[in-house]
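# Structural description and commentary
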Amino acid sequence: MTSRLPVGRAVVLVMFAAYFLVPLYAAVDFTLGGSRRNMGHTLSIWTGLIHQDGFTENLMTSLKIAAVTVVLLLVLMVPTMAWLHLRLPRMRRLVEGICLLPMAIPAVVIANGILGAFKSWPEAITGSWWILVFEYVVLALPFTYRSLDAGLSAIPLATMVEAARSLGASWPVALWRVVVPNIRTAIASAGILGAALALGEFTIAHLLLLDTFPVWTDQAGQQDGEVAITAAMLILFLSWLLLMLVSHLGRGRKAKKPETSGKKQKVGTGR
Amino acid sequence: MTAVRVDAPAGADTTAPAAAFRFRPGRRSRSRPLDLLGLLPFAVYVGVFLGAPAYAVLTAAFQDDQGHVTLSNVTSALQDPYRQAFTTSIELSVISAVLGAVLGLGLAIAVSGARRDGLVHRAVTTASGVLAYFGGLPLAFVFLATLGPQGLVTKWLDSAGYNLTQHGFVLWNMVGLVLVYLYFQIPLMLLVIFPALDGLRPQWEEAARSLGASRFQYWLRVGGPLLLPPFLGAVLLLFANAFAAYATAYALSTGTVPLVPIQIGSVMSGNVLAGQQNIGNGLGLWMIVIVSVVVVAYTLLQRRTARWLR
């Protein structure tokens, strides 16, 4: 293979680097007005974004959705996973299987099912961003399971909780003051990945005709390519910032964990 | 003893003897029926927000517009024009999965020759961790800025005397979509295959070599067979990934490319013949079937790999 030949390997790496970097360069160039003829580069598209109709509202909506999704995701999953590890180790396979289900059900199909399943539900839930929060928590289950499972497996959970309980802590107190601080890296990665997912999700929001930042970006694209590309780059930079944070967090742990928890994370994130 | 439910979810008071009781070995891992109540919130949540939509799709797939039982959605989902959509979707997913897996493996091998803590290895690992999540809408716009009609590379090529459009290149046909999908398929392949490559211990190669095997024989008899399950598993994962993808193809083609997810979206926006209102559910049913088979096969292959990957 090329790995024996430094020159061949360098050529391979340069070609891959070109494939991955040129599009990013092109997109950044576009957002700086590089596609306009006879004009220098400018920041005016970036600064002009804020005056675009609907930009601020929809960005705020998406940030709100992301925040609520993370809270709900962790409030639901951290106690569940701790309980599972502590009291129901035999159910782990089953719960893992359930958490991986969103991988097998494409986001388009979930969106289609929502229309049929919640017809009789109040409009305040199904016609608002709340339904997106509820579904994004579901879409986040595969990587949340992996992350929390890895975190909980790495600590002597039973001993810690028993120690806390024997000193008089109730179960919620033991969870909050003993378990949570010991798996905070795992909780942080799960939360950050959930936020990145909720910020960028397009499919379900678009098909349910709800307004979020990605949906707004798509609509902007039909009128003004520069604005849409700039908004898309904003989503991109925000989620990359979050993802870099995860890989930074992961470096503190054993090298194996973040990668194993990373590999199943993508299917079903609704692209 | 039955009174000592120290770790009931409600947080009953703990007494010292109870705690001592809990420390008895062997007791810890046995679960009691009431413990299952702890899973209730999770079960209800998943049942409502994943189970109910899935159930709605699966039942509606077997109903006509009036709610009578019928097989027509399930069968006409496999006839034209939807048959064409399945062919195109599967073709796109297979090509992008196989190409992504092969190119990703090549890159992984090229990189694994580099020093583990070196700059190249670190850069590629971090970048693939980030890029594997990069799909959806932003990816479409990034490629429009690159190879779209006004794209930067399109203009470069144009001034070099090569007009992409005249040569029939568009981002929303098969070639264009494969080119775009590889942008997330290759990084995903790296994420999946790096642990397996790192798990191949140098001692195994040394052992084979010291027994007289050539480098080729080592790869044929030891390395290859070990890497085959994770490689095939990765191809399946990449297939499922591309098959379910909606946003990228939608944004590139404004919904005109004939892929199954796009067709479902189009049905949902009311673009459907009378008497076929549930055709979207029929298509959804087949998507679930295909992706489930692929994901289950992937999980089995992954489990096989986990046996030696430590």
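As shown above, the structure is provided for reference.
Each chain has its residues counted from 1, running along the sequence as written. Numbering of ligands from 1 and lettering of chains from A proceed in the order in which they are written. Note on the predicted model: pLDDT of at least 70 is required for a residue's local features to be given, and 80 or more for side-chain atom pairs to be given and counted; whole-chain, interface and lining totals, by contrast, use all residues. Hydrogens are left out, water is left out, and the side-chain values use all remaining heavy atoms of the structure.

### Let's talk about the interface of chain B and chain A
Buried accessible area, meaning the area lost when the parts come together, often serves as the stated size of an interface. This is how the line gets drawn: By definition in these notes, contact holds between two residues if any of their heavy atoms fall within 4.5 Å. Accessible area, probed at 1.4 Å, shrinks when two parts are joined; the buried area is that loss added up over both. For this analysis, a polar contact is any N or O atom pair within 3.5 Å, provided that within protein one partner can donate a hydrogen and the other can accept it, and provided that sequence-adjacent residues contribute only side-chain to side-chain pairs. Each residue is assigned to one class: nonpolar for Ala, Val, Leu, Ile, Met, Phe, Trp, Tyr, Cys and Pro, charged for Asp, Glu, Lys and Arg, and polar for all the others, Gly among them.
Contact residues are listed per partner, giving 99 residues for chain B and 99 residues for chain A. Regarding the contact of chain B and chain A, the summed buried area is about 8600 Å², with carbon and sulfur atoms giving 73% of it. There are 9 residue pairs in polar contact (both at pLDDT 80 or more) connecting chain B and chain A. The residue makeup of the side of chain B that touches chain A, split by class, is 68 nonpolar, 22 polar and 9 charged.

### Quick look at the packing of helix α3 (residues 55–87) of chain A against helix α10 (residues 184–200) of chain A
Residue and element names in this part refer to chain A. For the record, the criterion: Interaxial angles span 0 to 180 degrees and are taken between N-to-C directions of axes, which are lines fitted to C-alpha atoms, for helices over the stretch in contact. To qualify as a helix, a DSSP run of H or I must reach at least 4 residues; to qualify as a strand, a run of E must reach at least 2; elements of each kind are numbered from the N terminus. Crossing chirality is assigned from the near helix's rotation relative to the far helix, an anticlockwise turn below a right angle marking it left-handed and a clockwise turn marking it right-handed.
One way to put it is that α3 packs onto α10 with a least axis distance of 8 Å and a crossing angle of 145°. Of the two elements, α3 crosses α10, and the hand of that crossing is right-handed. Two secondary-structure elements touch here, α3 through Ser62, Leu63, Ile65, Ala66, Thr69, Val70, Leu73, Leu74 and Val78 and α10 through Ile187, Ala190, Gly191, Gly194, Ala195, Ala198 and Leu199. When the residues that make up the contact of α3 with α10 are grouped by side-chain class, the tally is 12 nonpolar, 4 polar and no charged.

### Re helix α5 (residues 107–117) of chain A
Count 3.6 residues to each turn of an α-helix, and residues three or four apart come out pointing the same way. Formally: Any residue under 20% of the maximum accessible area for its type is buried, any over 50% is exposed, and the rest in between are partly exposed; the area is computed with a 1.4 Å probe on protein chains only.
Taken across its 11 residues, α5 of chain A has 8 buried, putting it largely inside the fold. Inspection of α5 of chain A places Ala107, Val108, Val109, Ile110, Ala111, Asn112, Gly113 and Ile114 of chain A among the buried residues, and these make up the whole buried set. Considering only its buried residues, α5 of chain A is in contact with α7 (129–153) and α11 (203–207) of chain A together with α2 (40–60), α10 (215–244), α12 (260–268) and α13 (279–308) of chain B.

### So, the nonpolar core
The nonpolar side chains of a soluble globular protein tend to be buried, and buried together. For the record, the criterion: Joining through side-chain atoms within 4.5 Å is the link that ties buried Ala, Val, Leu, Ile, Met, Phe, Trp, Tyr and Cys residues into a set, and such a set is a nonpolar core.
With 174 residues, the main nonpolar core has Met77 and Ile204 of chain A together with Tyr181 and Tyr183 of chain B as its most contacted residues. The element that contributes the greatest number of residues to this core is helix α8 (residues 174–199) of chain B, accounting for 17 residues. Apart from residues lying up to four places away in sequence, Tyr181 of chain B is in contact with Leu92, Ser96, Ala242, Ala245, Thr248, Ala249 and Leu259 of chain B. By size, the runner-up hydrophobic cluster in this structure holds 10 residues, among which are Phe55, Phe213, Ala220 and Val227 of chain A.

### With respect to the pattern of salt bridges
Keep this limit in mind: Salt bridges are defined as contacts in which a side-chain nitrogen from Lys or Arg sits within 4 Å of a carboxyl oxygen from Asp or Glu.
Within the structure shown, the criterion is met by 5 salt bridges over all chains. Between Glu96 of chain A and Arg146 of chain A there is a salt bridge; the shortest N-O distance is 2.9 Å. Here the residue Glu96 of chain A occupies a position in helix α4 (residues 92–104), and Arg146 of chain A occupies one in helix α7, the gap between them amounting to 50 residues. Classification of Glu96 of chain A by relative accessible area gives buried; the value is 17%. On the basis of relative accessibility, which here comes to 16%, the residue Arg146 of chain A falls in the buried class. The partner of Arg209 of chain B in a salt bridge is Glu205 of chain B, and the shortest N-O contact between them spans 3.1 Å. Linking Arg209 of chain B with Glu205 of chain B, this pair stays in helix α9 (residues 202–210), spanning 4 residues, or about one helical turn. Judged by relative accessible area, Arg209 of chain B falls into the partly exposed class, the value being 40%. A network of salt bridges, in which partner residues are shared, links Glu205, Arg209 and Arg215 of chain B.

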